[in-house]
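Each chain is listed here by its residues.
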Amino acid sequence: MSEFALKKNPQPQSDAVREAILAAPAFGTQFTDHMAHIRFTTEQGWHGHELIPYGPLTLDPAAAVLHYAQEIFEGMKAYRHADGSVWTFRPEKNAARLNRSAGRLALPQMVEEDFIESLRVLVQADSSWVPTPKDEQDEVSLYLRPFTISAERFLGLRPTQQADYYVIASPAGAYFSGGVKPVSIWLSQNLKRAGRGGTGFAKCGGNYAASTEAMIEAGQKGCQQVMFTDAVDGTHLEELGGMNLMLVTSDGRLITPEVSETILDGVTRRSLLDLAPSLGLTPEERPVTVEEWRTGVADGTIVEAFACGTAAVITPIGALVSEDFTVDHGDEPGEITMKLRKTLLDIQYGRAEAPEGWMVRLA
Ligand SMILES: *Cc1c(COP(=O)(O)O)cnc(C)c1O
């Protein structure tokens, strides 16, 4: 593991401004005083580990990321526990996923220790930016966004020879202000996010760019999120633009489409499957069709549906809407959905004992 050189921000936000931001954090609009940075070149590998003031990047206009979207990222959170300490959740899973994404986009992979240390130096320098929850409903955290870009000045396409890895941090409030409310999701049958052999399993900006038009379509149909189906014939459920899908059956099964080249391996998804047996649920990872969801709700075998991911933890699904039909789950979050949500949040905020190694202390 390499040492990070510390270059303190000479003009950090004032205490008053920071406290005003922390009193009502939004999502992804305000950033802390510092960012972590590591540079990569093919000659030197990863080098120049540093913590520097948060601020604009200087990029050559010919930088590959701007033309060919050679970019990957991660999304994580730092949680303040009751004793003031700050922790993150299963970071080795994010490190491994960043490397899988890097492999697919021909960006450099990094060692897990450098990844975790980059989070630690940033959170330690900006620990005053980690919000303190007022109570159990106050789901505040410091959202961490590691990302790698190809910064080389070259308009030809090739595996990058020069990359930059950064971590930025943004105080985040509860995703649902005013209580957890089910969302409507639009079944995207024409616009797809991933195909076999493509980049669906990688966490890369390009996948998000390709999902945006479907978000607009969803909005026009009165939906807040998009459910993507397979690109072959659209019969199978895949995932949402940035969250995995789970269905709950009346006989206590927790069903989710198995991860594949087209479905991202979410840490929240994995963790809920890991926790399921302790809540009396049987996890099932397998292909799931649109038809199964539709008929399952009609005949009473599928009783709850939700989406899961780091940002919103668990988002109950109130309805699946398509051109031809609506699958209705009602306007109240399901009981098992909320039980899973509480179980995971209690672990993340240190209110319940975590399975061995799940919580890693940052500050
Ligand atoms: C990030 C992401 C998820 C959720 O992953 P978590 O590790 O649980 O945050 C799901 N699907 C896509 C496409 C994603 O980008």
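Residues numbered from 1 in each chain as written. Predicted model: local features only at pLDDT ≥ 70, side-chain atom pairs only at ≥ 80, totals over all residues. Heavy atoms only, no water.

1. Points about the site of the ligand
Here comes step 1: In the vicinity of the ligand, 15 residues are found, and the nearest of them are K203, Y208, E239, T268 and T310.
Here comes step 2: In the model, an oxygen atom of the ligand is placed 2.7 Å from a nitrogen or oxygen of the K203 side chain.
Here comes step 3: In this structure, T310 approaches the ligand through a side-chain N or O atom, which is 2.6 Å from an oxygen atom.
Here comes step 4: A per-class count over the shell around the ligand returns four nonpolar, seven polar and four charged. (Near = heavy atom within 4 Å. Polar contact = N/O pair within 3.5 Å; in protein donor to acceptor, adjacent residues only side chain to side chain. Nonpolar A, V, L, I, M, F, W, Y, C, P; charged D, E, K, R; others polar.)

2. Concerning helix 5 (residues 205–220)
Here comes step 1: Over its 16 residues, helix 5 runs 24 Å from end to end, which matches the ideal 22 Å to within 8%, given 1.5 Å per residue.
Here comes step 2: Within helix 5, the axis deviates most sharply at T212, by approximately 30 degrees.
Here comes step 3: Buried within helix 5 are the following residues: N207, S211, A214 and A218.
Here comes step 4: Of the surrounding secondary structure, the elements contacted by the buried residues of helix 5 are strand 9 (183–188) and strand 10 (225–229). (Helix = DSSP H or I, 4+ residues; strand = E, 2+ residues; numbered from the N terminus. Expected span 1.5 Å × (residues − 1). Bend = angle between axes of the 7 residues up to and from the residue. Buried < 20%, exposed > 50% of the residue type's maximum accessible area, 1.4 Å probe, protein only. Contact = heavy atoms within 4.5 Å.)

3. Observations concerning the nonpolar core
Here comes step 1: With 35 residues, the main nonpolar core has F115, V123, L142, L144 and Y165 as its most contacted residues.
Here comes step 2: Of all the elements in the fold, those that place two or more residues in this core are helix 1 (15–23), strand 2 (34–41), strand 3 (45–53), strand 5 (76–80), helix 3 (91–104), helix 4 (112–125), strand 7 (141–150) and strand 8 (162–172).
Here comes step 3: With six residues, helix 4 is the single largest residue contributor to this core.
Here comes step 4: If near-sequence neighbours (up to four positions away) are discounted, V123 is found in contact with A78, V86, V130, L142, L144, L362 and A363.
Here comes step 5: Listed in part, the 23 residues of the second largest apolar core include V183, L237, I302 and V327. (Core = buried A, V, L, I, M, F, W, Y, C linked by side-chain atoms within 4.5 Å.)

4. Remarks on the pairing of strand 2
In regular strands, side chains alternate between the two faces of the sheet.
Here comes step 1: Counting buried positions over the eight residues of strand 2 gives seven, a clear majority of the element.
Here comes step 2: Bridge count between strand 2 and strand 3: seven bridges; the pairing is antiparallel. Counterpart to F40 in the pairing with strand 3 is W46.
Here comes step 3: The antiparallel pairing of strand 2 with strand 3 creates a hairpin that spans three residues between the two strands. (Pairing = 2+ DSSP bridges.)

5. Some points on unusual backbone geometry
Here comes step 1: Of note, the phi angle at A69 is positive, near 55 degrees, even though the residue is not glycine.
Here comes step 2: Positionally, A69 belongs in the loop between helix 2 (64–68) and strand 4 (71–73).
Here comes step 3: Even without being glycine, V313 reaches a positive phi, approximately 65 degrees.
Here comes step 4: Inspection of the secondary structure puts V313 in strand 16 (residues 313–321).

6. Thoughts on the packing of aromatic side chains
Here comes step 1: Applying the stated criterion across every chain yields a total of nine aromatic pairs.
Here comes step 2: Plain terms: the ring middles of Y79 and Y349 are 5.1 Å apart, the flat faces sit at 75 degrees to each other, and that makes the pair edge-to-face. Here Y79 is found in strand 5, whereas its partner Y349 is found in the loop between helix 8 (335–348) and strand 18 (359–361), with 270 residues between them in sequence. Each member of the pair, Y79 as well as Y349, is classed as buried.
Here comes step 3: Measuring from ring centre to ring centre gives 6.4 Å for F115 and Y165, while their planes differ by 50 degrees; the resulting arrangement is tilted. (Phe/Tyr/Trp six-rings, centres within 6.5 Å; stacked < 30°, edge-to-face > 60°.)

Interpretation note: all reported values are geometric properties and have no functional meaning in isolation.
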